[in-house]
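Chain residues, written in single-letter form:
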Amino acid sequence: MNYRLPVGFVTLLIAVAGCSGVANLPSAPANQAAFSPAVQVSKRTVRSHPGGSANFQVVYTFQDSSDGGNPFAGLTVDSAGNLYGTTSSGGSGYGTAFELKNTAKGYKYVVLHTFAGGSDGANPYARLMPAGGKLYGTTVNGGGGAGTVFELLPGKAPRTERVLYAFTQSVQGANPSAGDLTIDSNGAIYGTTQYGGAYGQGTVFKLSPAKGTEKVLYSFGANSNDGTQPYAGVTFDRAGNIYGTTALGGEGYGTVFELTPSKSEWTEQIIHTFGNVSDGGTPYAGLSFDAQGNLFGATTQGPGSGGGTFFELTPSNGSWSFNTIYSLSGWGISGEFRTAYLDPSDNIFGTTHCDGQDSSGSVYELQRSGSTYNYVDLYDFTGGTDGQYVFSNPAFDSHGNIFGTTNVGGSGYGVVWEVRAAGKTVGRHV
């Protein structure tokens, strides 16, 4: 079976009908093809920063040449304020890994690796994750034909790339998609694939780079109630259990799952099945723990035809209690695509990929006030030189500034953007 994904499926998704062509997204159910207009949520407090705000700037505009184009992933930021990311196209046609080096004269764009589309991989859709001086990531295509897990070694650009695993056989998983990798203290790498596995519906895998081995911890689609096609990565609790989401399965709108280890295998428990009612549906984003051990996550659509929800799962005596904590305005699958950022006060920072005043994406904060949340609109993309369609997590530097990417817009191939923290002015970074 060929698990290769179309290189431009994200661009195809958003170009067909102004970001409503969701039927072109491989994981979208057929019954999600048509949506009603945006619905304004009641009791929503908005402090708006429209296009042209002094709190927003474009850091870099992609040209889809040697620099890359159409970033589908967000960014990671190191302690020096350098930005790292990937593009899904450009370079030699199969994407790049890049750094925006923070210098006294501003950001300097550096290509760290150009994917050749063969054994080294093609079309990265996930972030670069730093560990031990190296950068780790995945490609959705290339390798053995179904994607790779790779590392970029320290050193001057271009960096040396080493493929840690090339997906070839469907039973071992295929096409790691938008999910970030998780790396434990022993250097083991955990992630998800959108397809492959024993039932062809995706996997959770563990990769041991020192041994060069990959092990499937769980194959989705084992029964009619199971989740299918995970997009996001996974997270661990303090006991070593794994948690994540699937975009489909369950009642048709995805699941939240837990994997518990034993001596020989991992056992799955479905924590929540989405019905796209008050809970929302289609969680492309992953999960985050707060200090008390509660899980927070988001759906990309709902309730009904709305723009997605944020939810909290609270553990109690071996079970979990589900609570929808906020419903976003919007339409269809216009909401949160990436895992949001949860700060120590349980304020939530997120992006939408085609919501906002111009249906081109937005950056926002949900400010916690007791048991309620107030929506603060940090920036709405216009679809022009500021970029369009945000498939990016919000990434913070040490000053509280937020960085991310757009998939298109700018010169047509996306941008890197920054939303400045309150009280700061736009300018070069020192």
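Structure: see above.
Our subject in this report is the structure included herewith. (Residues numbered from 1 in each chain as written. Predicted model: local features only at pLDDT ≥ 70, side-chain atom pairs only at ≥ 80, totals over all residues. Heavy atoms only, no water.)

1. Describing the sheet that holds strand β2 (residues 76-77)
The condition is simple: Think of it this way: DSSP has to see at least two bridges between two strands before they count as a pair. A run of H or I in DSSP becomes a helix once it reaches four residues, and a run of E becomes a strand once it reaches two; helices and strands are each numbered from the N terminus.
Spatially, β2-β3-β4-β5 is the arrangement adopted by the four strands of the open sheet, whose pairing is antiparallel. The outermost strands of the open sheet, each flanked by one partner alone, are β2 and β5 (106-114). Bridge count for strand β4 (residues 96-103) against β5 is eight bridges, and the pairing is antiparallel. Within β5, the residue paired with Leu-100 across the bridge is Tyr-109.

2. Details of the layout of surface pockets
Rule in force here: A pocket here means an open set of points on a 1 Å grid, computed over the protein atoms alone, that has protein on both sides within 12 Å along at least five of seven lines. A cavity is instead a set of points where a 1.4 Å probe fits but cannot get out; residues with an atom within 4 Å of a point line either one. Grid points are joined across faces, edges and corners, and a volume is the space filled by probe spheres set on the points. Under this grouping Gly is polar, as are all residues other than the nonpolar Ala, Val, Leu, Ile, Met, Phe, Trp, Tyr, Cys and Pro and the charged Asp, Glu, Lys and Arg.
Considered as a void within the structure, the largest pocket measures approximately 600 Å³ in volume. At the level of secondary structure, the elements contributing two or more residues to the lining of the largest pocket comprise β15 (235-236), β24 (341-342) and β28 (395-396). In the lining of the largest pocket, the residues fall into 16 nonpolar, nine polar and three charged.

3. A few points about empty space enclosed by the protein
A complete count under the given rule lists one cavity of 30 Å³ or more for this structure. In this structure, the largest cavity encloses a volume near 80 Å³. Of all the secondary-structure elements, those providing two or more residues to the lining of the largest cavity are β21 (295-298) and β24. The element best represented in the lining of the largest cavity is β21, accounting for three residues. For the lining of the largest cavity, a count of residues per class yields nine nonpolar, four polar and one charged.

4. Points about the pairing of strand β8 (residues 148-152)
Convention followed: Buried residues are those whose accessible area, probed at 1.4 Å on protein chains only, stays under 20% of the maximum for their type, while exposed residues exceed 50% and partly exposed ones sit between those limits.
Burial within β8 is extensive, with five of its five residues counted as buried. Burial along β8 is two-sided: the residues Thr-148, Phe-150 and Leu-152 and Val-149 and Glu-151 are all buried. One ladder, built from five bridges, connects strand β7 (residues 134-139) with β8; its direction is antiparallel. Directly across from Thr-139, in β8, lies its bridge partner Thr-148. Pairing analysis gives five bridges linking β8 to strand β9 (residues 161-166), with the strands arranged antiparallel.

5. Some thoughts on the environment of Gln-388
Put simply, the rule is: Here, residues are in contact when the closest pair of their heavy atoms is within 4.5 Å. As used in this structure description, the phrase polar contact means that two N or O atoms lie within 3.5 Å; if the pair is within protein, one of them must be able to donate a hydrogen and the other to accept it, and residues adjacent in sequence are counted only when both atoms belong to side chains.
The residue Gln-388 is located in the loop between β27 (372-380) and β28 in this model. Sequence separation between Gln-388 and His-353 is 35 residues, and the spatial gap between their C-alpha atoms is 8.2 Å. The residues touching Gln-388, leaving out its near neighbours within four places in the chain, are Ser-360, Gly-383, Thr-406, Asn-407, Val-408 and Gly-409. Among the polar contacts listed, one links the side chain of Gln-388 to the side chain of Tyr-389, at a separation of 3.4 Å.

Don't take any of this as a statement about function, it's just geometry.
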